[in-house]
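Letter by letter, the chains look like this.
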Amino acid sequence: MLGKAAGRHYGCTMVAIASSTFALIVAAGRGVRAGGGTPKQYQRLAGRAVLHHSARAFRAHPAIGAVRVVIHPDDRALYDEATAGLDLLDPVPGGAERQDSVRLGLESLAEFRPARVLIHDAARPLVSAELIDRTIQTLDRVPGAIAAVALADTLKRGDARLIAATVPRDGLWRAQTPQGFHFDAILAAHRARASERLTDDAMVAERQGMPVELVDGSEDNFKITTADDLARAEAVLARRAGGWDVRTATGFDVHRFGPGDQVMLAGIPVAHDQGLIGHSDADVALHALTDALLGTIGAGDIGQHFPPSDPQWRGVDSARFLQHAAGLIVQRGGTIIHVDLTIICERPKVGPYRAAMVARIAELLRPALVDSDATRISVKATTTEGLGFTGRREGIAAQAAATIRLVPR
Ligand code: MG
């Protein structure tokens, strides 16, 4: 990775290494507003951590020599999982404030003597190669260059909720990252301003009188803060990839009637003069639905994940199977758009339980569902007009279809 140091052999170490631009990614924050109790830089975006996307953007850029991430000391395991395979420099622990974290990161890079450094927030995973290019090229002219977007909205100063003034927006920009600098200058600036609380690295540079140029950023290069931001980022990734990868798969299952006084159907106990025979709770409807979900990501069938020969699944609530399948889809970066279930039997009558079944399936799939629109879950029932094994009331059949969307890889 640090092949540029090979210049050493020719006695021109400084020149060779001075051609380098390093990336320093700041991921030491604790922001958990995106949900899940995990800091936002480790939340999943299209199946990978937000930090993975941010780090990969720089690691894959031909003008970046190496990438180092500043992390919170408690996050080492999350970091290792997020960045596996990316070939980054070892991470370094950050400090109490972002400014401290950047300074510590810069200090750790000093031994490599990079000519330039691009400092980037891990929570901006959609930084483009073009924006990285523009920032680096601007550093040919000036010692500092930051991504920024000119303000388009009219600005109001409020006195509580009453408008006190309209603020002229001429010349106003929203600062983003990357923020690029000549390395020695920004390290010196951070050391000199360590005791001040400054909001970004450009401000540290400004205080030292360093010229910093505004580079055209991008609306896509927004900061992930909330769960809505994750969904928006996923839509941007899908757009860049040419659209969502939408997949539909089906599932089918049958269970035979046996002794008992109720059946489990779609997660709801239904009174009946027989039970269903099976290794688990024999919920034929959830089994068909589980197979449909597994089918969307080519993950085999329910028997592979929960072998009937394994005693640990005896009598188990089939809700666990369904949640497992939904969890695999989430891990793969997928979102469930729709499921449709048809229960095939003469008796029991499904109609009185249909609403409860829809509600139960929605509850089980909630972490994987695109939204809470009630029409995304469909439960139907039919008979076979007295024909076949269901007509003879020997058992219940169920078939299901599931549709998911993924960000293409
Ligand atoms: Mg089954």
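Residues numbered from 1 in each chain as written. Predicted model: local features only at pLDDT ≥ 70, side-chain atom pairs only at ≥ 80, totals over all residues. Heavy atoms only, no water.

> Go over the packing of aromatic side chains with me, naming the residues and quoting the values.
Aromatic ring pairs: the centre-centre distance and the angle between the two ring planes describe each pair. Counted by the stated rule, this structure contains 4 aromatic pairs. A centroid spacing of 5.5 Å and a plane angle of 40° characterise the contact between Phe22 and Phe112, whose relative ring orientation is tilted. Here Phe112 lies in the loop between α4 (98–109) and β6 (116–121) and Phe22 lies in strand β1 (residues 21–27), a separation of 90 residues in the sequence. Among the residues examined, Phe22 registers a relative accessible area of 3% and is labelled buried. By relative accessible area, which is 16% here, Phe112 ends up buried. Three or more aromatic residues link up through ring pairs in this structure, and these residues are Phe306, Trp313 and Phe321. Its end group placed over the ring of Phe222, Arg232 keeps NZ or CZ at 3.7 Å from the ring centre. (Phe/Tyr/Trp six-rings, centres within 6.5 Å; stacked < 30°, edge-to-face > 60°. Helix = DSSP H or I, 4+ residues; strand = E, 2+ residues; numbered from the N terminus. Buried < 20%, exposed > 50% of the residue type's maximum accessible area, 1.4 Å probe, protein only. Lys NZ or Arg CZ within 6 Å of the ring centre and 35° of its normal.)

> Which residues make up the pattern of salt bridges, and what are the values?
For the coordinates displayed, the defined rule picks out 22 salt bridges. A salt bridge links Arg30 to Asp75, with the shortest nitrogen-to-oxygen separation between them at 2.3 Å. With Arg30 in the loop between β1 and β2 (44–45) and Asp75 in the loop between β4 (66–71) and α3 (76–83), this pair connects stretches of sequence that are 45 residues apart. Note on Arg30: relative accessible area 39%, which makes it partly exposed. Ionic pairing is found between Asp121 and Arg124, a salt bridge with its closest N-O pair at 4.0 Å. Grouping residues by exposure puts Asp121 and Arg124 together as buried. One salt-bridge network, held together by shared partners, links Arg98, Asp121, Arg124, Asp201 and Lys223. (Salt bridge = Lys/Arg side-chain N within 4 Å of Asp/Glu carboxyl O.)

> Any details on the sheet that holds strand β7 (residues 144–150)? Residues and values, ideally.
Reading across from one edge, β5-β4-β1-β6-β10-β7-β11 is the order of the 7 strands in this open sheet, with mixed pairing throughout. Edge positions in the sheet fall to β5 (92–93) and β11 (212–216), since each of these pairs with one other strand and no more. Contacting β6 and β10 (173–182), helix α6 (residues 183–192) crosses the sheet at an angle of about 115° to β10. (Pairing = 2+ DSSP bridges. Contact = heavy atoms within 4.5 Å. Axes fitted to C-alpha atoms, helices over the stretch in contact; angles between N-to-C directions.)

> An account of the domain arrangement of the protein chain is needed here, citing residue identities and associated values.
If you check the domain split of the protein chain, you get domain 1 (7–232) and domain 2 (245–406). Put simply, the middle of domain 1 and the middle of domain 2, counted by C-alpha atoms, are 47 Å apart. (Domains from an automatic or database assignment.)

> Residue-level account of the coordination of the magnesium ion, with values.
At the metal site, the magnesium ion is ligated by Asp253 (OD), His255 (NE2) and His287 (ND1), and these contacts range over 2.1 to 2.3 Å. Read N to C, the donor residues that coordinate the magnesium ion are spaced as D-x1-H-x31-H. Of this pair, Asp253 sits in strand β12 (residues 245–258) while His287 sits in helix α9 (residues 284–296), and the two are 34 residues apart along the sequence. Side by side, Asp253 and His287 carry an identical accessibility label, which is buried. (Donors = N, O, S within 2.8 Å, 3.2 Å for Na, K, Ca; no water.)

> Break down α6 for me, citing the residues and quoting the values.
The periodicity of an α-helix, 3.6 residues per turn, causes residues three or four positions apart to be oriented the same way. Phe183, Ile186, Leu187, Ala189 and His190 are the residues of α6 that are buried. Buried positions in α6, seen along its axis, are confined to an arc of 160° and lie on one side of it. The secondary structure elements touched by the buried residues of α6 are α4, β6, β10 and α7 (201–207). (Arc of directions from axis to C-beta.)

> Lay out the packing of helix α11 (residues 319–331) against helix α12 (residues 354–365) with the relevant residues and their values.
Their axes nearest at 9 Å, the elements α11 and α12 cross at an angle of 45°. By the criterion of interaxial angle, the relationship of α11 to α12 is oblique. Touching Ala319, Leu322, Gln323 and Ala326 of α11 are Arg360, Leu364 and Leu365, all from α12. (Parallel < 35°, antiparallel > 145°, perpendicular 65-115°, else oblique.)

> Can you lay out the environment of Arg405 for me, pointing to particular residues and giving the numbers?
Note on placement: Arg405 falls in strand β18 (residues 395–406). Sequence spacing of Arg405 and Gln323 is 82 residues, and the spatial spacing of their C-alpha atoms is 17 Å.

> Pulling in residues and values, what's your account of the side chain of Asp201?
With respect to the element layout, Asp201 can be found in helix α7. Beyond its immediate stretch of four places on either side in the chain, Asp201 contacts Arg98, Val102, Ile119, Gln179, Phe181, Ile186 and His190.

> Describe the nonpolar core, naming the residues involved and giving the relevant values.
Formed by 44 residues in total, the largest nonpolar core has its most connected members in Leu265, Ile336, Ile343, Ile361 and Leu365. At the level of elements, β13 (262–265), β14 (268–271), α9, α11, β16 (335–344), α12, β17 (377–382) and β18 are the ones that each hand at least two residues to this core. The dominant element in this core, judged by the number of residues it contributes, is α9, at 8 residues. In this structure Leu265 touches Val270, Asp283, Val284, Ala285, Ile343, Pro348, Val350, Met357 and Ile396, once residues within four positions along its chain are discounted. Membership of the second largest hydrophobic core comes to 26 residues, among which are Ile25, Ala49, Ile71 and Ala145. (Core = buried A, V, L, I, M, F, W, Y, C linked by side-chain atoms within 4.5 Å.)

> Summarise unusual backbone geometry; cite the residues concerned and give the values.
Geometrically, the link from Thr177 to Pro178 is a cis peptide bond, its omega value of 10° lying close to zero. Within the secondary structure, Pro178 sits in strand β10. Cis peptide bonds are those with omega within 30 degrees of zero, and the linkage from Arg347 to Pro348 qualifies with 0°. In this model, Ala46 sits at a positive phi of 50°, which is unusual for a non-glycine residue. We classify Ala46 as buried; its relative accessible area is 11%. The phi dihedral of Ala282 falls on the positive side, at around 65°, and the residue is not glycine.

> Give me the lowdown on the sheet that holds β17, citing residues and values where you can.
Each strand in a sheet pairs with its neighbour through backbone hydrogen bonds, running either in the same direction (parallel) or in the opposite one (antiparallel). Ordered in space as β15-β12-β18-β16-β17, the 5 strands form an open sheet in which the pairing is mixed. Sheet topology places β15 (275–276) and β17 at the edges, where each strand pairs with a single neighbour. Sheet topology places β12 next to β18; 12 bridges connect them, and they run antiparallel. For Thr248, the partnering residue across the bridge sits in β18 and is Thr403.

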